[in-house]
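# Coordinate analysis (summary)
The lines below spell out each chain.
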Amino acid sequence: MDFTSAWTPWHRRLWAIGSFLSLEEVHEAGQWMERKALGSSSVDWHKHALERLLGQDAAIADRVRKQELQKLLRGDLSIASADRRRLRLFIDRCRPGYLERWADKAAETTPPRAELVARSVASHLLDDGHSFSGLQRWIRNGRTTLSAYEVIREASLLADQGSSVWEIYVPFKSLPKLEELTEGLSHWVMAENAPSWLSQCGYVADPDEIGGFIYRVEARDFERAIEIASDLVDRVKARSKFARFTGTVTPCAHVWVKGVKSPQPLTSATRGAHVLSLASEKQIYAVGSGVNRAGGDREEFIDDALELAATLNTGGLAPALSGSWAALESLLTEPRDPTEPGKVIAATRAAQLVACSWSRAELTAIAHQIRERQGDTIAVDIRAMETNRERAEHVAKLIESNTPIPLKKGWRLRSDVAAIERMQELLTNPSGVLNRVHFYLESSLRGLYRARNVVVHGGSTGGIALAGTLRVAAPLVGAALDRITHAYLVSNTPVLELATRAEFNLAHAGDELGPHVCNLLE
């Protein structure tokens, strides 16, 4: 359930796009290299990382074809190369039946790790165009008690259904120059001429409704169709800002979807980038208390980065990708950095910061679940502790000593049990696990760098992996900004000093004199 929820915290989310979207991205990279939007060093790193990542995918192909894929990823994938043409054939041949193969793997006597299977299947469905909300609804519709084999087989059937065309009525409260600018638009209707099918959807007109657009959207589920409709409304708003008239484009709060029996909120996709330390340190509104000057002299350099990344959660694809990368680059690079591989060093440093935050985040989340238990001495002890650091260290000691963890029973129970297993592995092998986590995080954030280059240097929002990359990278950017912001607000720690600390402590994790896994940024 964690991997199909938009509200899952960053440390339990998917950190990578799926196997076949990754292969599509590296295939498409040939055209971006031709247009000088991507450099060869960036693509080579991606190919090498994919070789390692896809080696874990037990369902992508048999042993012979995996060896073939390995050769392709080590070959020349420039736009006119034979290896690139062979990669196209590989993708087209191996993609059909992918989820069925995962179902068969899950049913084996010694199946792959459950988390690996879940990550692979969820990534594939999300990459295929399903929404978080749609997948949550699908799972909760009688599938929570099925075996892994049964769920994945049904997921395969779901994937085979393809997309549908959804008809969505989006009502508006305000449209400047309504009569003049909607004349001749076939998809606009006045409120009194709303389509007849609305009566079957529990339609009740908003008191201020003046009419609406009827959008026809191709999508995997109606929730994703609404997200696309929301993007269309944002385009209308963006165009209106360049017009010479007063007034604002204001949609109503809810829309109606043909075939869905209740109104649905007009919402865009939730990307999950959060800087929680602004609220925890009571700094969200702590702006402008002194003498303010237009455009400058701000000591709060962190605000520059937050403004650059402000479109990360709700903005359009292009500004979200370019702005979030600009925020990381502004904070995590310096003039003395080597010219090769260039500004991508920001991805490495951001990944180190987030990797150092991972164990504390997981252990703290477990501690919060423990303290919700009633009548348990461990829960009482944790409730008496004043800081998350104390709670995390206490939980780590419990796990190391194999003490049974008294978790709160509920829908999160299986997620917390999986987190405890991850922490057991970490505490047994800190260096190996943290280096692996850092690699996964860096792979995702380097994907953000490539996506930004496609937008900025390629002048395109049509890259095949752009939306998927933003989906997985946005929460990680939020986590990096959160750690930077927290260190600055609490101890005035310079950003690059914090990044160096993260790099050093990752290298020494597990040493006798190294820091505890709860304190890698201390």
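As the structure is a computational prediction, the values presented were derived from the model and not from experiment. (Residues numbered from 1 in each chain as written. Predicted model: local features only at pLDDT ≥ 70, side-chain atom pairs only at ≥ 80, totals over all residues. Heavy atoms only, no water.)

### With respect to the overall build of the chain
Each helix and strand in the chain was counted, giving 20 helices and 6 strands. In terms of C-alpha radius of gyration, the chain reaches 25 Å, essentially the compact-globule figure of 24 Å for 522 residues. With respect to the principal axes defined by its C-alpha atoms, the chain has extents near 75 × 65 × 60 Å. Going through the 522 residues of the chain one by one, you find that 49% of them count as buried. (Helix = DSSP H or I, 4+ residues; strand = E, 2+ residues; numbered from the N terminus. Rg over C-alpha atoms; globule rule 2.2 N^0.38 Å. Buried < 20%, exposed > 50% of the residue type's maximum accessible area, 1.4 Å probe, protein only.)

### Some words on the side chain of Thr333
By secondary structure assignment, the location of Thr333 is in the loop between helix H13 (317-332) and helix H14 (345-370). Its relative accessible area of 12% is what places Thr333 among the buried residues. Of note is the side chain of Thr333, whose polar atom sits 2.6 Å from the backbone oxygen of Glu329. Setting aside residues no more than four positions away along its own chain, Thr333 makes contact with Lys343, Ile345, Ala346, Arg349 and Leu496. (Polar contact = N/O pair within 3.5 Å; in protein donor to acceptor, adjacent residues only side chain to side chain. Contact = heavy atoms within 4.5 Å.)

### Re helix H16 (residues 388-400)
Between the first and last C-alpha of H16 there are 18 Å, a value that for 13 residues agrees with the 18 Å anticipated at 1.5 Å per step. Residues of H16 that are buried in the fold lie against H14, helix H15 (377-384) and helix H17 (413-428). Two residues or fewer after H16 comes Asn402, characterised by a positive phi angle close to 60°. (Expected span 1.5 Å × (residues − 1).)

### Focus on the pattern of salt bridges
Enumeration over the complete set of coordinates arrives at 27 salt bridges. Where Glu108 meets Lys105, a salt bridge forms, and the shortest distance between an N and an O atom there is 3.7 Å. For Lys105, a relative accessible area of 26% puts it in the partly exposed group. In this structure, Arg422 engages Glu115 in a salt bridge whose closest nitrogen and oxygen atoms are separated by 2.8 Å. You can see Arg422 sitting in helix H17 and its partner Glu115 sitting in helix H6 (residues 114-127), a full 307 residues away along the chain. Each member of the pair, Arg422 together with Glu115, is buried. (Salt bridge = Lys/Arg side-chain N within 4 Å of Asp/Glu carboxyl O.)

### Notes on helix H2 (residues 40-54)
Along its 15 residues, H2 runs 21 Å from first to last C-alpha, staying within 8% of the 21 Å computed at 1.5 Å per residue. Listed in full, the buried residues belonging to H2 are Ser42, Val43, His46, Lys47, Ala49, Leu50, Glu51 and Leu54. Where the residues of H2 are buried, they touch helix H1 (19-34), helix H3 (63-73) and helix H18 (430-456).

### Some remarks on the pairing of strand S1 (residues 164-174)
Regular strands show a simple pattern: their side chains alternate between the two faces of the sheet. Pairing between S1 and strand S3 (residues 211-219): 9 bridges, direction antiparallel. Pairing of Ile168 across the sheet is with Tyr215, part of S3. Bridge analysis of S1 against strand S5 (residues 254-257) gives 2 bridges, and the strand direction is antiparallel. When the sheet's bridge partners are listed, Tyr169 is paired in S5 with Trp256. (Pairing = 2+ DSSP bridges.)

### Considerations on the nonpolar core
Counting residues in each nonpolar core, the largest one holds 84 residues, and the members touching the most others are Leu328, Leu332, Trp358, Ile366 and Ile370. The greatest single-element share of this core, amounting to 14 residues, is contributed by H14. For Ile370, the residues in contact, after removing those within four places along its chain, are Ile378, Ala379, Ile382, Val395, Ile405, Pro406 and Leu407. Among the nonpolar cores identified, the runner-up in size contains 38 residues, and Leu14, Trp102, Val117 and Ala122 belong to it. (Core = buried A, V, L, I, M, F, W, Y, C linked by side-chain atoms within 4.5 Å.)

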